Amino acid sequence: MERTAIRRRLTWQVATVADVRRETATARTIVLEVPDWPGHLAGQHLDVRLTADDGYRASRSYSIASAWSEGTIELTVEEVPDGEVSPYLVDVLKAGDPLEIRGPVGGWFVWKPGQEGPVQLIGGGSGVVPLRSMLQAAAGTSTPMRLLYSVRRPESVIYVRDLKELAAADDVDVHLVYTREAPAGESRVGRIDADVLERYAFGPDDGATTYVCGPTAFVEAVADLLVAAGHDPARVRTERFG
C-alpha cells in the first residue's frame, strides 16, 4: 500500500473543473473532480501543469484549500502579475475544463486528526489557503483553534463568508490584521507584531502547535517573534512562497 501511494503521488492525472468562484479581484477558488485522488492531509499541496499548443509546459505548486471529502478538492489561486500559470487559472479556466494535477505532496506542514494540543494558525495574504483546509478538517472536533490573518485591506480578504461563519462560532477564534487600510471601526493599521501575538495568539505555555504561511518575509518575521516570545521552535511550523 505504501509503494502504491507513493506512485500515485508522483503520477500526473487529469482532473475536471466542477466549479469556479471568485474570492477577491485577484483570487478565485477552483473546485476539482479527481476520480483517482488518494486523499490528503490538511496543509498538503499539489502540482498543477499547463501545456501550451507548442508543447511548452509550466507547472506550479498550490496548497489544497479544502479538507478531504470524497469526490472533490479545492484550490484557491491568487494571480501573480506576469505569471505563467496563475493568470490562466484565475481568469481563463472554466467549469468543464480538464486540468493536470499531481499530488498530494508534503508531510511537515500538516494537521492530523487526533493531534494533541490547541492549534494557532497565522496567515499572510493567500497564505490563509492551507489554514482553511486545517479549519475544515478540525470542524466538529474538540481542538481549540485560533486564526490570525494578515491582509492589506478589507477587499483583500479571501474566504469572507467562511471567516464570518467561523467568527460567529464558539470553537474558533478569528482575528484579522490590516496592514494598509482597515474597515470602519477598526482603528489599528499595521503588521503583526509582538503585541498582536500576545493579545490574540496562544501563549508559550498553552502547548499549541503554530502554523505560519505566507510570503517569505512575513513568515520569517512572525516565526522570529514567536520564538522571541518563548514559543518552542519545534512547535512552530512554517510554509512560505514567493
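Described in the following lines is the structure provided in the data block. Every value quoted in this text rests on a predicted model; they were computed, and no experiment measured them. (Residues numbered from 1 in each chain as written. Predicted model: local features only at pLDDT ≥ 70, side-chain atom pairs only at ≥ 80, totals over all residues. Heavy atoms only, no water.)

### Regarding the overall build of the chain
Move 1: On a plain count of helices and strands, the chain comes out with six helices and 11 strands.
Move 2: Computed over the C-alpha atoms, the radius of gyration of the chain is 18 Å, within 12% of the 18 Å expected from 2.2 N^0.38 for a compact globule of 242 residues.
Move 3: Viewed in the frame of its principal axes, the chain has a C-alpha envelope of about 55 × 45 × 30 Å.
Move 4: Counting every position in the chain, which comprises 242 residues, the buried fraction comes to 45%.
Move 5: Restricting to contacts in the chain with at least 6 residues of sequence separation, those with at least 24 account for 72%.
Move 6: Per element, the accessible surface of the chain, about 12,500 Å² overall, is 48% carbon and sulfur.
Move 7: Considering the chain, the positive charge centre built from 26 side chains and the negative charge centre built from 35 side chains are found 4 Å apart. (Helix = DSSP H or I, 4+ residues; strand = E, 2+ residues; numbered from the N terminus. Rg over C-alpha atoms; globule rule 2.2 N^0.38 Å. Buried < 20%, exposed > 50% of the residue type's maximum accessible area, 1.4 Å probe, protein only. Contact = heavy atoms within 4.5 Å. Areas by Shrake-Rupley, 256 points an atom, 1.4 Å probe, with all protein chains shown as cover. Lys, Arg positive; Asp, Glu negative; His and termini not counted. Charge placed at Lys NZ, Arg CZ, Asp CG, Glu CD.)

### Focus: the pairing of strand β3 (residues 45–51)
Move 1: Counting buried residues along β3, six of its seven residues qualify, which places the element largely inside the surrounding structure.
Move 2: Bridge count for β3 against strand β4 (residues 57–63) is seven bridges, and the pairing is antiparallel. Opposite Leu46, over in β4, you have Tyr62 as the bridge partner.
Move 3: Two successive antiparallel strands, β3 and β4, enclose a turn made up of five residues, where Gly55 displays a positive phi of approximately 95°.
Move 4: Pairing of β3 with strand β6 (residues 98–105), which is carried by four bridges, proceeds in the antiparallel orientation. Residue pairing in the sheet places Val48 in a bridge with Ile101 of β6. (Pairing = 2+ DSSP bridges.)

### Some details on the sheet that holds β4
Move 1: Pairing is antiparallel across the open sheet formed by six strands, whose spatial order is β4-β3-β6-β1-β2-β5. Each having just a single partner strand, β4 and β5 (72–78) make up the two edges of the open sheet. Within the sheet, the average angular offset between the axes of one strand and its neighbour, ignoring direction, is 40°. (Axes fitted to C-alpha atoms, helices over the stretch in contact; angles between N-to-C directions.)

### Details of unusual backbone geometry
Move 1: Of note, the amide linkage connecting Gly103 to Pro104 takes the cis form, showing an omega dihedral of 0°.
Move 2: Mapped onto the elements of the fold, Pro104 is located in strand β6.
Move 3: The phi angle at Asp82 is positive, at roughly 65°, despite the residue not being glycine.
Move 4: Its place among the elements puts Asp82 in the loop between β5 and α2 (86–91).
Move 5: Classification of Asp82 by relative accessible area gives exposed; the value is 83%.
Move 6: Positive phi values are uncommon outside glycine, yet Tyr159 reaches one of about 65°.

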